[in-house]
Amino acid sequence: MQVRKATLLDTSPILALLAEMHTEPEQQLDKVNWPKVSHIVVQCISNGSVFVAIDETNLIVGSIGGDKTTEWYSDVAKLADYWFYVLKDHRNTPAGFSLMKEFKKLAQEASLGLTVGHVLGYEIDRMDRFYTKLGFTKTGTLFSLEGAI
């Protein structure tokens, strides 16, 4: 398993990975705006804030990507993830841990805090344990209500 910074040549495989990610939750998700997602992926790759995990067959099996941002109530810049996903068949490999390790290192090198989360509603307890093991503190919960408009 190798982890490296993504290049623009990785855009299509990352988009395929994100399409797979979007199929996993049991609840209905909002429709994906693929031009918007593509733009964000390319922007994050160009900023150097996307990593991919590659297996021994040279297949991208996971990715994490994000950007520098602030909370709506603060001016303190942090690195925050847009996505973090590893294919189901590779979740018992070092892929997820290695991707997060590189993302944390990127934040440290830029002297930024790091905010990550999981909001698609699958494997919630497992992901909570994963982030806790890596030293993150749970800072909230996200709830959804469909048809509230």
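In what follows, the structure referred to is the one given above.
Okay, so let's go over this structure. (Residues numbered from 1 in each chain as written. Predicted model: local features only at pLDDT ≥ 70, side-chain atom pairs only at ≥ 80, totals over all residues. Heavy atoms only, no water.)

### A few points about the pairing of strand S2 (residues 50–54)
With five of its five residues buried, S2 lies for the most part within the structure. Neither face of S2 is left uncovered, since the one carrying Val50, Val52 and Ile54 and the one carrying Phe51 and Ala53 both have all their residues buried. In this sheet, S2 lies alongside strand S1 (residues 2–5) in antiparallel orientation, the contact comprising four bridges. When the bridges of S2 are listed, Lys5 appears paired with Phe51. (Buried < 20%, exposed > 50% of the residue type's maximum accessible area, 1.4 Å probe, protein only. Helix = DSSP H or I, 4+ residues; strand = E, 2+ residues; numbered from the N terminus. Pairing = 2+ DSSP bridges.)

### So, the packing of helix H1 (residues 11–23) against helix H2 (residues 34–46)
At a minimum axis separation of 10 Å, H1 and H2 run at an interaxial angle of 130°. In terms of their interaxial angle, H1 and H2 are classed as oblique. Judged by the twist between their axes, the crossing of H1 over H2 is right-handed. Of H2, the residues touching H1 (which contributes Thr11, Ile14, Leu15, Leu18 and Ala19) are Trp34, Val37, Ser38, Val41, Val42 and Ile45. (Axes fitted to C-alpha atoms, helices over the stretch in contact; angles between N-to-C directions. Parallel < 35°, antiparallel > 145°, perpendicular 65-115°, else oblique. Left-handed = near helix turned anticlockwise from the far one by under 90°. Contact = heavy atoms within 4.5 Å.)

### Re the environment of Ala95
Along the chain, the position of Ala95 falls in helix H3 (residues 95–109). Along the backbone, Ala95 and Gln2 are 93 residues apart, and their C-alpha atoms lie at a distance of 8.0 Å. If near-sequence neighbours (up to four positions away) are discounted, Ala95 is found in contact with Met1, Ala53, Val61, Val86 and His90.

### Looking at H3
Here H3 is 15 residues long and its end C-alpha atoms lie 21 Å apart, about the 21 Å a rise of 1.5 Å per residue gives. Turning to H3, its buried residues number three or more, namely Ala95, Gly96, Leu99, Met100, Phe103, Leu106 and Ala107. Looking down the long axis of H3, one finds its buried residues gathered within 125° of arc, a one-sided arrangement. With respect to the buried face of H3, the exposed residues turned more than 90 degrees away are Lys101, Gln108 and Glu109. (Expected span 1.5 Å × (residues − 1). Arc of directions from axis to C-beta.)

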